[in-house]
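Residues per chain are reported as follows:
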Amino acid sequence: FAANDIAISTLSDSVQVFVSFGASGSASGSAGGATIAVSVFERESKINIGNYFIARATAGNIDISAIARDVTVLVAFAAAASASGNALSGTIPVVYAESTAGVILGNYADLRAGGTIAVSGHLEDTVVDAAGGLVLSNGVGIGATSSTARCNNSIYAEIGKNATLYASGLNAGVSTPNRALRRGVIVSATSSATMVMASIAAAASAGGFALSGVINTLAAKNSVHAKIDENAKISAGYALDGAGEPTSTVVSAESDVIVEADDDTHIVNCAGALALSGGSAGVGATIVSILFFKSVTAEILSATTIKSARDINVTANSRDNLWLLAIAFGGGSNTGVAGDVNMLIFFSTTTAKLGGTSITAGNEIHVLSSSDSLLINVGAGVAVGGTAGVVAVAIVTFFYNQTYAIVAGGNLTAHGDINVKATSKEFATADGAGVGAGGTVGVGGTFDIIVTKVVTRAYTQNGVHLTSTNGNITIAAKDDYDLLAIIVTLAGGGTVGVGVSFLVSVSFNDVSAE
């Protein structure tokens, strides 16, 4: 119990930088250089409050927040050189990062404030993994880089069943992370994540065989969840009587009920392999992948009552930018071979959901879900040989995106507009190019497989009644879908040239409003 503010918070700020380097050289024998770098980071910034939590801020705010900020940078490089013998280099960086930022209030929480009630979880996460290998030799030269990164993020702001949340909104409000001052009852889970992986491998031999290869694997999983569970009683902007219950008197016309989940993710995975041989064959290969899974959910489940002097906003927003880029080059006085495999797997679900028995807004009610996705998957291979040049490029893309705006039940009444909208936007491009050239034979093949499924739905479930006394009611689903696929194969030889391009695209789109 406080006359003014009640604040419960955690703040974790972490910066980690790791650099690893290995090198060797030999004038007459073999040389080997290697580096292995491993970073494991698990961090929690969270608040868990049990059942029957009671808080009173007579003239102030109740602000409960868990915030985390992470930066992890890993740089690894290996080099080997031999003037007359063989040389080998290997680089293996591994990053495992798991971050949690969130607040959980147990069942039967009872929070009443003269100002604003805010419960928020927020994460800002940056991971950079850079690796490389270089080999120079007169004999056999082999350079390899294998990078692996796995990132799991969980961000939440959750209030349990049978909660009582009364905020009169009499002061300036609370600023949750990345937001301006707002008044009322706010439950917010927000996240921004940036992941960058870049790897190279290069091998050159004056008189022997040269091989370079890169394997990049980046897996990421994000879960962002803002929730008020069943049977809650919520009031924003109304005076409280002597028993602490909301009256019909509006004391703060700028107070809202807000439940929001927001995630912004940027991922870049790029690789390059170069192999050159002056006396034999040069082979360059890349295998790169992104595995991405995300869930963004904002929901009020089966509330008993919701009263807001101004707006009721339940919003879920997801933005994703994924770039997968690779190139391989193999050149040899005899034979040049290049190969590239790109695989991008994307699963995402964005949901805004509102349900309750009696839901009333002095102005507007919004149940809004939006997703905006950009996917770039590009791979190329170039092979040049004095006798033969052989190249193969394979691009695989799987994209599954779901966006839902749902009114799950109850009587919704607003003086202004009632909007139930699901909006999705996708731009995906999957492109491949292969060039094979040889003095006698040139062979090339480029393969591109794309499978996409988009579900965008806005709907009300059984037993829902919507009433706008002075505005409009809109239930709408909209999808903006753009797909671009380009593949090119060029093959040339003094005697034989064979080039094959193979493209398959399968798309399923379901856009509905009910």
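I will try to describe carefully the structure that is included in this document. (Residues numbered from 1 in each chain as written. Predicted model: local features only at pLDDT ≥ 70, side-chain atom pairs only at ≥ 80, totals over all residues. Heavy atoms only, no water.)

**Considerations on the overall build of the chain**
And step 1. When you go through the chain residue by residue, the secondary structure sums to zero helices and 25 strands.
And step 2. For the chain, the C-alpha atoms occupy an extent of roughly 90 × 45 × 30 Å along the three principal directions.
And step 3. Considering only contacts within the chain whose residues lie at least 6 apart along the sequence, 86% involve residues at least 24 apart.
And step 4. A total accessible area of about 18,500 Å² is found for the chain, and carbon and sulfur atoms account for 58% of it.
And step 5. Across the chain, the 23 positively charged side chains and the 37 negatively charged ones have centroids separated by 6 Å. (Helix = DSSP H or I, 4+ residues; strand = E, 2+ residues; numbered from the N terminus. Contact = heavy atoms within 4.5 Å. Areas by Shrake-Rupley, 256 points an atom, 1.4 Å probe, with all protein chains shown as cover. Lys, Arg positive; Asp, Glu negative; His and termini not counted. Charge placed at Lys NZ, Arg CZ, Asp CG, Glu CD.)

**A short note on the sheet that holds strand β7 (residues 117–137)**
And step 1. Strand order in the open sheet formed by nine strands is β1-β4-β7-β10-β15-β17-β19-β21-β24, with parallel pairing between adjacent strands. Only two strands of the sheet have a single neighbouring strand rather than two, namely β1 (6–26) and β24 (473–493). Put simply, the sheet's adjacent strands are angled 0° from each other on average, direction ignored. (Pairing = 2+ DSSP bridges. Axes fitted to C-alpha atoms, helices over the stretch in contact; angles between N-to-C directions.)

**Re the environment of A31**
And step 1. Residue position: A31 is located in strand β2 (residues 31–49).
And step 2. A31 sits in the buried class, given a relative accessible area of 8%.
And step 3. A sequence separation of 51 residues divides A31 from S82, and the C-alpha atoms of the two residues are 5.8 Å apart. (Buried < 20%, exposed > 50% of the residue type's maximum accessible area, 1.4 Å probe, protein only.)

**Things to note about the state of the cysteines**
And step 1. On inspection of all chains with the given rule, the structure shows zero disulfides.
And step 2. No disulfide involves C151; its sulfur sits 15 Å from the nearest other cysteine sulfur, which is in C270.
And step 3. A relative accessible area of 25% means that C270 is categorised as partly exposed. (Disulfide = S-S within 2.5 Å.)

**Notes on the pairing of strand β20 (residues 388–414)**
And step 1. Burial of β20 is extensive: 19 of the 27 residues sit out of reach of the surface.
And step 2. Bridge count between strand β18 (residues 335–361) and β20: 25 bridges; the pairing is parallel. Pairing of T335 across the sheet is with A388, part of β20.
And step 3. Judged from the 20 bridges that link them, β20 and strand β22 (residues 441–460) form a sheet pairing that is parallel.

**Examining the nonpolar core**
And step 1. Core analysis: the biggest nonpolar cluster contains 60 residues, and L105 and L111 have the highest contact counts within it.
And step 2. The dominant element in this core, judged by the number of residues it contributes, is strand β16 (residues 281–308), at five residues.
And step 3. Core analysis: the second largest hydrophobic core is formed by 30 residues, A37, A76, C151 and A271 among them. (Core = buried A, V, L, I, M, F, W, Y, C linked by side-chain atoms within 4.5 Å.)

**A few points about the environment of N222**
And step 1. Assignment of secondary structure puts N222 in strand β11 (residues 210–228).
And step 2. Between the alpha carbons of N222 and S192 there is a distance of 9.9 Å; along the sequence they are 30 residues apart.
And step 3. Once residues within four sequence positions are removed from consideration, N222 is found in contact with N153, A193, D263, T265, F292, F293, K294 and S295.
And step 4. A polar side-chain atom of N222 sits 3.4 Å from a polar atom in the side chain of N153. (Polar contact = N/O pair within 3.5 Å; in protein donor to acceptor, adjacent residues only side chain to side chain.)

**Points about the pattern of salt bridges**
And step 1. Tallied over the full model, the rule gives 17 salt bridges.
And step 2. A salt bridge links E44 to K46; its shortest N-O distance comes to 3.3 Å.
And step 3. The closest approach of N and O atoms between D262 and R319, which form a salt bridge, is 2.7 Å. Pair noted here: D262 is in strand β15 (residues 255–277) and R319 is in strand β17 (residues 312–332), with a separation of 57 residues, a long-range link.
And step 4. Overall, D262 belongs to the buried group, its relative accessible area being 10%.
And step 5. The exposure class of R319 is partly exposed, given its relative accessible area of 30%. (Salt bridge = Lys/Arg side-chain N within 4 Å of Asp/Glu carboxyl O.)

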